[in-house]
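Structural characterization, general
Here is what each chain is made of, one letter per residue.
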Amino acid sequence: MKFDVKTIDQKWQQYWKDHKTYRTTNDTTKPKYYVLDMFPYPSGAGLHVGHPLGYIASDIVTRVKRQQGYNVLHPMGFDAFGLPAEQYAIDTGVHPSVSTEKNCRRYKEQMEALALSFDWDRAVNTSDPKYYKWTQWIIGQVFEHWYDNQAGKARPIQELRDHLAQRGTEGLDAAQSAPLEVTAAAWAGMTAKEQSEVLMNYRLAFRSVSYVNWCEALGTVLANDEVKDGRSERGNHPVVQKPMLQWSLRITAYAERLLAGLDTVDYSDGLKAQQRNWIGRSTGAQAFFDIEGREEPLEVFTTRPDTIFGVTFMVIAPEHELVSELTTPAQEKEIQDYLAYVGSRSEIDRQQETKVTGAFTGAYCINPLNGARVPIYIAEYVLKDYGTGAIMAVPSDDERDKRFAEKFGIEIIDVIDKSDYPGATLKDKVGKLINSDFLNGMEVPEAIVAATEKLTAMGRGEQQVNYRIRDLVFSRQRYWGEPWPIIYSEDGVPQLVDTDSLPVTLPPMEDFRAVSGISPLERATDWNQTPQGRRETDTMPATAGSNWYYLRYMDPTNDEEFVAKDVVDYWQDVDLYVGGAEHAVSHILYSRLIHKFLFDLGKVPTREPYKKLLNQGMIGAPITSIHLGIMLSDDGQRHPIWVSSSLAENSPLEIEGLGKGHLVLDESTLERNVPLRMVEETSVNNEPSYRIYKDAINAAQQDQAMDAAYLRTVLQQGSAFAWETDKDGRQFIELSYQMGKMSKRYHNVINPDDISERYGTDCFRMYEMFLGPIDQAKPWSVSGIDGVYRFLRRFWGMFTNEQDELQVTAAAATKEEMKTLHTLIKKVTEDVDKLSFNTCISAFMVATNELIKGKCHKRDVLEPMVRLIAPFAPHLAEELFAALGGEGSVHLSPWPEVEEKWLVEDSFTYPIAFNGKTRLTLDFPAGASKEEIEAEAKDHPEVAKHLEGKTIRKVIVVPKRMVNFVVG
RNA sequence: GCGGGUGUGGUGAAAUUGGUAUACACGCCAGAUUUAGGAUCUGGUGCCGCAAGGCGUGAAGGUUCGAGUCCUUUCACCCGCACCA
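Every value quoted in this text rests on a predicted model; they were computed, and no experiment measured them.

Turning to the protein's contact with RNA strand B, a few remarks are in order. In the vicinity of RNA strand B, 51 residues are found, and the nearest of them are Thr303, Arg400, Arg758, Leu771 and Arg790. A distance of 2.9 Å separates a base nitrogen of RNA strand B from a polar backbone atom of leucine 383. Here a phosphate oxygen of RNA strand B sits 3.1 Å away from a polar atom, N or O, in the side chain of asparagine 849. Of all the secondary-structure elements, those providing two or more residues to the surface near RNA strand B are α10 (269–279), β11 (298–302), α14 (399–408), α26 (785–797), α28 (837–853), β34 (917–925), β35 (952–958) and β36 (962–967). Among the elements that make up the surface near RNA strand B, the one with the highest residue count is α28 (6 residues).

Written out as structure tokens, the structure reads:
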């Protein structure tokens, strides 16, 4: 029995594969537990050390639950549709289906090497037609439903048709794109096309012209969450706003329920806050301002109806539909110039500088409460998508309105007296109303209610709730996604493809480059022309497949339904969902939406998909930069020039002989491989950096003990770096490190394979868990892994003697040993439950240290420990379990039970404190009463010494805790 | 600006939720063993002090017999959102 991690790893990985140890059946006799990892997008870079953090954690929970007798569903799959694969395909000419398949295989191999106990028979792939058949079916159902606000749920579109046929829009309270009034008679007189357009106003998946994020470089529209700082998240290309005809999902209909549901799930506060923020609910009032010379009034939304007497102008968004109508001839030029200016500014410009700009339309509004005549402006700071795209401006009580009024010389009327609230800012909703007619003297909250009531009574407005969230643009003009299952009939009416005809598979295409807003599928004429009509050529975004994948794992091969009812009734929902925080908002929100929709249809039994969510912290890695020198600018300032290893590829400063991606140096590599004489910590203009000396490297080359081959190889390319010379004439280069995300583009990806190769998979798994709390971000560092390796050797050593023979004895365990064991069982069981894996591992170390000290080799103690450590170190546990004569796999063996009797203490060591400061400890029997302890403690000579010359004011005795003398 | 989070030894981090601060590990120091060590084992290791003792959880207050933990104020850093009416 040799401690040979590589052999043991291979042996058992093969065993698990052969025996399908981790296969999960839909065995309804056992309680279920569903542990889900966010499935990865299979990129070409493979797994890095950051990925496994969550996978290992969820795997440990899975294994513990399995041993505890649960039927555990723990699947894995691939989120294979999406832009990167397609972009890669365009760059390299490899078809996305080919590269995707290859990457999936690699991911699967790497995951198997980490001993993640997935049931691979249940694996899904979102780009597989057998899978996306059901993605199309679900989105098709969304299309076939509308949202009834009264019932608070989605209802079939046929019921809407019936309603319209009977009563028109009367009595209809539905989520809609725009207010619409249709009589039953008008409905009856409409053509199919016209009716279809009415229905489109209500469908939960609908097609409309709206402003969307258009990315020219990618040739497609993007969802809000795919845009960061005015650029595409993929590829970092500029994004502009553009009106386009697009499919969307009416997520706004579910805003309230998505918000309310957050109170019922176990997510972190931060995550819930992020979701609430994204939904962005705010309560206020709508108000109608008559426009001079126009029938229809201007509708605004405000959270401060109380300030309505302070309104001195109105502002509408430059894209507001009334702009051209309201503009007077005299203002025509000014408005046109302003619109041109706005059009010239990108999203990035808008976000970076917030200059006060705007233009007067020439039109006027009438304040419904005091009849004041106020001018209407257009300005960039009013957003077309929020509220009604129009505001009543109150310069006395709003920062932006104030700046605008000051710039354009508009009157400012104070309406809130804040003198009772020193330090209150404009934003605070406090103060007393002044200059406000019937509101005068009221406090703000009171005035808000009064003003809203007044508006309502006058029929000029009412209380209203507004959401920041916008409907989800669900069209992409790209190839590598699910085609929308829609066919347009001759008169242009969109028809859902029959379930029997699903999936609508992607046509094979040679060239699927996206050309400015026209889907590549437009060119597949054989495919998009059908006897029933023309196919929709837009595809769905990557979120389409990942919204519901957790349901497919329950029943992955079902051809009749996306999941069978009895199956989903058994598995219910995900008990623990583990994944990166980067998906915390959009992915979770969208899949909650789909889940709630399916709930409305009676297809799933729960209101929320994920009971508990764990976001693992990101593991960062250093990004290396090479210091090339100091540049002196004209003013004599010194500017260090750094070339990061990532930029080195494209840098105009050519670095010869430096192979791409070769400068992957992390701190520990340096510590481990570079003797101190070689490295000096310095700083270049306050940037911490390391200095590496050339002569030291040369010396190091002679040093056979050093395993720094690639470091030397890279650094020996001396001429490439422009070596600097210090005052002693020694040549050096300087490197800097910055912690950052592990990514292919920074060339700082650290691969788990290498670590496993050297220390074994179990050691890697335990080390990643030992790094710290799972939800905390941390830099990757390999220092410390030896400690875990040593622990595993010591653990192993309890079972074997120096000749590598099993030395486990049948001798009865002592009380102490049993206490050690059961303390450990209790701690590990509880901590796994709390997802505190790092403390589990210390507990194993503590117990092992105690048992080794007592030279314990007893089966009664060691055998349960093997079952206990199995989730953490699955290979070694398996080997030890077999050696002890265990039947089958240790991972299917029962989890050890705590026997409380071993944890009972005979005596307890009390800290004895004086005025709260601990001075000594004393042992008392566990059953001793407060009085006994107090009396005995007082009599103790050591205690008496501390009490000498002092009066005891009070004695506090907390049994099993401590004793405190309050003295004076 | 708004929202969320984090500040504890040289380092990663513990602390039964108000009860002996620094468990466990890395690193370092000393010793043993060894031809050698990126091996193994033993002991030590918060700071000041010769000691008695004192001081210590970003800072300042407060509540309490007792505070890393609760409250108030404040500082620093990280993440998310941001002209949201």
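This part covers the sheet that holds β35. Spatially, 4 strands are ordered β34-β33-β36-β35 in an open sheet, and the strand pairing comes out mixed. Two strands lie at the open edges of the sheet, namely β34 and β35, each paired on one side alone. Averaged over neighbouring strand pairs, the angle between their axes works out to 20 degrees when direction is ignored. Relative to β34, strand β33 (residues 907–914) runs antiparallel, the two being bridged by 8 bridges. By the bridge assignment for β34, threonine 909 is matched with aspartate 923. The strands touched by helix α31 (residues 930–939) are β33, β34, β35 and β36; relative to β35, the strand with the most contacts, the crossing angle is about 130 degrees.

Bringing the nonpolar core into the picture now. Of all hydrophobic cores here, the largest spans 167 residues; its most connected members are Met766, Phe837, Met865 and Phe872. What phenylalanine 837 contacts, discounting residues up to four positions off in sequence, is Ala57, Ile60, Val61, Met769, Ile774, Val832 and Phe872. Counting residues in each nonpolar core, the second largest holds 49 residues, with Ile291, Val300, Ala317 and Ala359 among its members.

What follows concerns helix α5 (residues 129–143). Owing to its 3.6 residues per turn, the α-helix brings residues three or four apart onto one side. Compared with the 21 Å implied by 1.5 Å per residue over 15 residues, the 20 Å span of α5 between its first and last C-alpha is a close match. Burial analysis of α5 places 13 of its 15 residues in the buried class, which makes it a mostly covered element. Where α5 starts, the residue carrying a side-chain oxygen 2.9 Å from the main-chain nitrogen of lysine 130 turns out to be aspartate 128.

Moving on: the sheet that holds strand β19 (residues 472–473). Read across the open sheet, the 4 strands follow the order β6-β5-β9-β19; overall the sheet is antiparallel. Of all strands in the sheet, those bounded by a partner on one side alone are β6 (220–222) and β19. Where strand β5 (residues 205–215) and β6 come together, 3 bridges link them in antiparallel fashion. Among the inter-strand pairings, asparagine 213 is bridged to a residue of β6, identified as leucine 222.

The next subject is the packing of helix α27 (residues 815–833) against helix α29 (residues 859–869). Packed helices, taken two at a time, are described by the angle their axes make and the gap between the axes. Between α27 and α29, the shortest axis-to-axis distance is 10 Å and the interhelical angle comes to 15 degrees. In terms of orientation, α27 and α29 fall into the roughly parallel class. In this structure, the crossing between α27 and α29 has a hand that is left-handed. Residues Glu817, Met818, Leu821, Leu824, Ile825 and Val828 of α27 form the contact with α29, whose own contacting residues are Asp860, Val861, Pro864, Met865 and Leu868. Classifying every residue of the contact of α27 with α29 by side-chain character gives 9 nonpolar, no polar and 2 charged.

Time to look at the pairing of strand β1 (residues 32–37). On any regular strand, side chains alternate: one points to one face of the sheet, the next to the other face. The buried fraction of β1 is high, at 6 of 6 residues. Two strands pair when backbone bridges link them, and β1 and strand β2 (residues 71–73) are joined in this way by 3 bridges, in the parallel orientation. Of the residues in β2, the one forming a bridge with tyrosine 34 is leucine 73. As paired strands, β1 and strand β24 (residues 576–580) are joined by 3 bridges and run parallel to one another. Across the sheet, the residue bridging to leucine 36 is tyrosine 577, located in β24.

Before going further, it helps to spend a moment on the pattern of salt bridges. As enumerated under the stated definition, the model contains 45 salt bridges in all. Notably, a salt bridge pairs lysine 32 with aspartate 575, separated by 2.8 Å at the nearest N-O pair. Of the two residues, lysine 32 sits in strand β1 while aspartate 575 sits in the loop between α19 (565–571) and β24, which places them 543 residues apart along the sequence. A residue is classified by how much of its surface remains accessible, and aspartate 575, at 12% relative accessible area, is buried. Between arginine 478 and glutamate 86 there is a salt bridge whose closest N-O contact spans 3.0 Å. Taken together, the residues arginine 478 in the loop between β19 and β20 (486–488) and glutamate 86 in helix α3 (residues 83–92) connect sequence positions 392 residues apart.

Assignment of secondary structure puts tyrosine 70 in the loop between α2 (51–67) and β2. Counting along the chain gives 38 residues from tyrosine 70 to lysine 32, while the straight-line C-alpha distance between them is 5.6 Å. The contacts of tyrosine 70, once residues within four sequence positions are left out, are Lys30, Pro31, Lys32, Tyr33 and Lys65.

Our focus in this paragraph is the pairing of strand β4 (residues 153–156). In terms of strand pairing, strand β3 (residues 145–148) meets β4 through 4 bridges, oriented antiparallel. Bridge pairing links aspartate 148 to lysine 153 in β4. Taking the residues that link successive antiparallel strands as the turn, the β3-β4 hairpin has 4 residues, and the phi of glycine 152 there is positive, at about 65 degrees.

Two measures describe an aromatic ring pair: the distance that separates the ring centres and the angle between the ring planes. Under the defined criterion, the tally for this structure stands at 43 aromatic pairs. Aromatic pair phenylalanine 78 and tyrosine 107: ring centres 6.3 Å apart, planes at 90 degrees, arrangement edge-to-face. In this pair, phenylalanine 78 sits in the loop between β2 and α3 while tyrosine 107 sits in helix α4 (residues 96–113), placing the two residues 29 residues apart along the sequence. The residues phenylalanine 78 and tyrosine 107 share a single accessibility class, namely buried.

Mapped onto the elements, glycine 50 comes out in the loop between β1 and α2. Of the residues examined, glycine 50 reaches a relative accessible area of 9% and is grouped as buried.

What follows is about a negative patch on the surface. Residues Asp559, Glu560, Glu561 and Asp566 make up a contiguous surface patch of negative charge. Turning to its location among the elements, aspartate 559 is positioned in the loop between α18 (549–552) and α19.

Quick notes on the rules
- Residues numbered from 1 in each chain as written.
- Chains lettered and ligands numbered in written order.
- Predicted model: local features only at pLDDT ≥ 70, side-chain atom pairs only at ≥ 80, totals over all residues.
- Heavy atoms only, no water.
- Near = heavy atom within 4 Å.
- Polar contact = N/O pair within 3.5 Å; in protein donor to acceptor, adjacent residues only side chain to side chain.
- Helix = DSSP H or I, 4+ residues; strand = E, 2+ residues; numbered from the N terminus.
- Pairing = 2+ DSSP bridges.
- Axes fitted to C-alpha atoms, helices over the stretch in contact; angles between N-to-C directions.
- Contact = heavy atoms within 4.5 Å.
- Core = buried A, V, L, I, M, F, W, Y, C linked by side-chain atoms within 4.5 Å.
- Buried < 20%, exposed > 50% of the residue type's maximum accessible area, 1.4 Å probe, protein only.
- Expected span 1.5 Å × (residues − 1).
- Parallel < 35°, antiparallel > 145°, perpendicular 65-115°, else oblique.
- Left-handed = near helix turned anticlockwise from the far one by under 90°.
- Nonpolar A, V, L, I, M, F, W, Y, C, P; charged D, E, K, R; others polar.
- Salt bridge = Lys/Arg side-chain N within 4 Å of Asp/Glu carboxyl O.
- Phe/Tyr/Trp six-rings, centres within 6.5 Å; stacked < 30°, edge-to-face > 60°.
- Patch = residues over 30% accessible without salt bridge, like charges linked within 9 Å, V, L, I, M, F, W, Y side chains within 5 Å.
- Areas by Shrake-Rupley, 256 points an atom, 1.4 Å probe, with all protein chains shown as cover.
- Lys, Arg positive; Asp, Glu negative; His and termini not counted.
- Charge placed at Lys NZ, Arg CZ, Asp CG, Glu CD.

Geometry only, nothing functional implied.
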